[in-house]
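Letter by letter, the chains look like this.
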Amino acid sequence: MKIKVCATETENSLYKNSFYIEGGNFSDAGTVSTRIKSILKNIGLPNDIVRKSAIICYESEINIVSYARRGKINLTVTPKTVEIEVVDEGPGIPDIELAMQQGYSTANQQIREMGFGAGMGLHNIKSYSDIFNISSEVAKGTFLKMIINTQ
Amino acid sequence: MDIETIVKKLNLKVRSASDRLKNNVTGGYTGDLLSDVMANSHEGDIWITRQVHQNIVAIATLKEHAGIILVNSCEPATDTLEKAVKENVPIMVSNLPAFELTGKIYNLLAEKK
Ligand SMILES: Nc1ncnc2c1ncn2[C@@H]1O[C@H](COP(=O)(O)OP(=O)(O)OP(=O)(O)O)[C@@H](O)[C@H]1O
Ligand SMILES: [Mg+2]
């Protein structure tokens, strides 16, 4: 792997950036994930890492578009990991355990008509991550942190 | 097998990226639930669906699908088509329902092996 240092030495990150996502905007949905995927590819990460990261980002992005007012993805690549933080301002998740269950969804009719709302997104995010953390505050927002080991 | 062979054998109508019909098809996935397709389809798959809205283009791009075939003569929405042209994603239309189309493509790919 080629290593280009473009951030502070102390944090030891190879790449760090934030990507902003607007709630409700389905016509741009997927743009941020597509960008992140090509950034990770350009860094020279292995294909399976790029693929996992793309799935995690896409499902996170769609959840912001579907449920939150606005949010962002903080991407940090270190020599050993890809870290993906997802922060949004929105209604939050009242029962996280329930939301994590496959098949549970509160997606409305409009969202379901587009093929979202299978209740699989969070489960997929978790299963493609090596470390998965979720927290949420009702009426404030939701926070996800995923780490994918690259070595 | 390339997309062009499948287009000819199954009489598909090509709606976008007709210059990409040499894309190699290594498998296929049938589904209308986007997070299922996101999680379980593979690079090089031909994706068979009846979803016509623009989010299918982002998924096919992210998953590096060979192309998308819409079933039951469903046509892509206008903005879907615009995106597919921009992203160079081949979208085809079949008059068959998903079950029949999937079976036919499955057999074509199996014959080849
Ligand atoms: N960022 C978020 N803000 C508020 N609620 C959320 C958020 N993300 C998920 N949820 C809640 O958790 C549920 C499950 O989310 P998940 O992504 O697993 O499935 P889905 O979005 O309903 O369907 P799918 O992702 O399969 O299209 C959602 O229906 C929603 O109620
Ligand atoms: Mg979701």
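Refer to the preceding data block for the structure.
Residues numbered from 1 in each chain as written. Chains lettered and ligands numbered in written order. Predicted model: local features only at pLDDT ≥ 70, side-chain atom pairs only at ≥ 80, totals over all residues. Heavy atoms only, no water.

Draft legend 1. The arrangement of the overall build of chain A in detail. The secondary structure content of chain A amounts to five helices and five strands. Reading the helices (α) and strands (β) of chain A from amino to carboxyl end gives β-α-α-β-β-α-α-α-β-β. Against the 2.2 N^0.38 benchmark of 15 Å for 151 residues, chain A shows a C-alpha radius of gyration of 15 Å, consistent with a compact globule. A fraction of 64% describes how many contacts in chain A between residues 6 or more apart in sequence connect residues 24 or more apart. Accessible surface for chain A amounts to roughly 7700 Å². Of this, 49% is attributable to carbon and sulfur atoms. Charge-centre separation for chain A: the mean point of 16 positive side chains lies 7 Å from the mean point of 16 negative side chains. (Helix = DSSP H or I, 4+ residues; strand = E, 2+ residues; numbered from the N terminus. Rg over C-alpha atoms; globule rule 2.2 N^0.38 Å. Contact = heavy atoms within 4.5 Å. Areas by Shrake-Rupley, 256 points an atom, 1.4 Å probe, with all protein chains shown as cover. Lys, Arg positive; Asp, Glu negative; His and termini not counted. Charge placed at Lys NZ, Arg CZ, Asp CG, Glu CD.)

Draft legend 2. Local environment of the sheet that holds strand 2 (residues 27-30) of chain B. Strand order in this open sheet of five strands is 1-5-4-3-2 (chain B), and the pairing throughout is mixed. Where the open sheet ends on each side, the last strands, each with one partner, are strand 1 (13-14) and strand 2 of chain B. (Pairing = 2+ DSSP bridges.)

Draft legend 3. Summary view of the side chain of Ser-60 of chain A. All names here are of chain A. Among the secondary structure elements, Ser-60 is positioned in helix 2 (residues 47-67). On the basis of relative accessible area, Ser-60 is assigned to the buried category, the value being 1%. Ignoring anything within four residues of it in the chain, the contact list for Ser-60 reads Val-86, Ile-125, Leu-144 and Met-146. (Buried < 20%, exposed > 50% of the residue type's maximum accessible area, 1.4 Å probe, protein only.)

Draft legend 4. Main features of empty space enclosed by the protein. All names here are of chain A. Throughout the structure, instances matching the rule amount to one cavity of 30 Å³ or more. Considered as a void within the structure, the largest cavity measures approximately 30 Å³ in volume. Counting residues per element, the lining of the largest cavity draws most heavily on helix 2, which supplies four residues. Of the residues contributing to the lining of the largest cavity, the split by class is four nonpolar, no polar and three charged. (1 Å grid on protein atoms, 1.4 Å probe; cavity = no way out; pocket = protein on both sides within 12 Å on 5 of 7 lines; lining within 4 Å. Points joined across faces, edges and corners; volume = space filled by probe spheres on them. Nonpolar A, V, L, I, M, F, W, Y, C, P; charged D, E, K, R; others polar.)

Draft legend 5. Spatial organisation of unusual backbone geometry. Residues and elements named next belong to chain B. If you check the backbone angles, Asn-11 has positive phi at about 60° while not being a glycine. Of note, Asn-11 is situated in the loop between helix 1 (3-10) and strand 1. Overall, Asn-11 belongs to the exposed group, its relative accessible area being 64%.

Draft legend 6. Spotlight on the environment of Pro-76 of chain B. Residues and elements named next belong to chain B. Its location among the elements puts Pro-76 in the loop between strand 4 (67-70) and helix 4 (78-87). Note on Pro-76: relative accessible area 11%, which makes it buried. As a C-alpha pair, Pro-76 and Gln-51 span 25 residues in sequence and 8.2 Å in three-dimensional space. Not counting residues within four places of it along the chain, the set of residues in contact with Pro-76 comprises Arg-15, Val-52, Leu-70, Leu-81, Ile-91 and Val-93.

Draft legend 7. Summary view of the site of ligand 1. Residues in contact with ligand 1 amount to 21 residues; listed here are only the nearest, Asp-88, Ser-105, Thr-106 and Gly-117 of chain A together with Ser-35 of chain B. Close to ligand 1, residues of chains A and B are found. Take Thr-106 of chain A: an N or O atom from its side chain is 2.5 Å from an oxygen atom of ligand 1. Measuring from an oxygen atom of ligand 1, one finds a backbone N or O atom of Leu-122 of chain A at 2.8 Å. The pocket occupied by ligand 1, as judged from atoms lying within 2 Å of grid points, is the largest pocket. Counting only elements with at least two residues in the shell around ligand 1, the list comes to helix 2 and helix 5 (121-127) of chain A. (Near = heavy atom within 4 Å. Polar contact = N/O pair within 3.5 Å; in protein donor to acceptor, adjacent residues only side chain to side chain. Sits in = over half its atoms within 2 Å of the grid points.)

Draft legend 8. Looking closely at the side chain of Gln-51 of chain B. Among the structural elements, Gln-51 of chain B can be located in the loop between strand 3 (45-49) and helix 3 (55-62). A distance of 2.9 Å separates a polar atom in the side chain of Gln-51 of chain B from the backbone oxygen of Asp-32 of chain B. Setting aside residues no more than four positions away along its own chain, Gln-51 of chain B makes contact with Glu-113, Met-114 and Gly-115 of chain A together with Asp-32, Leu-34, Ile-56 and Leu-70 of chain B.

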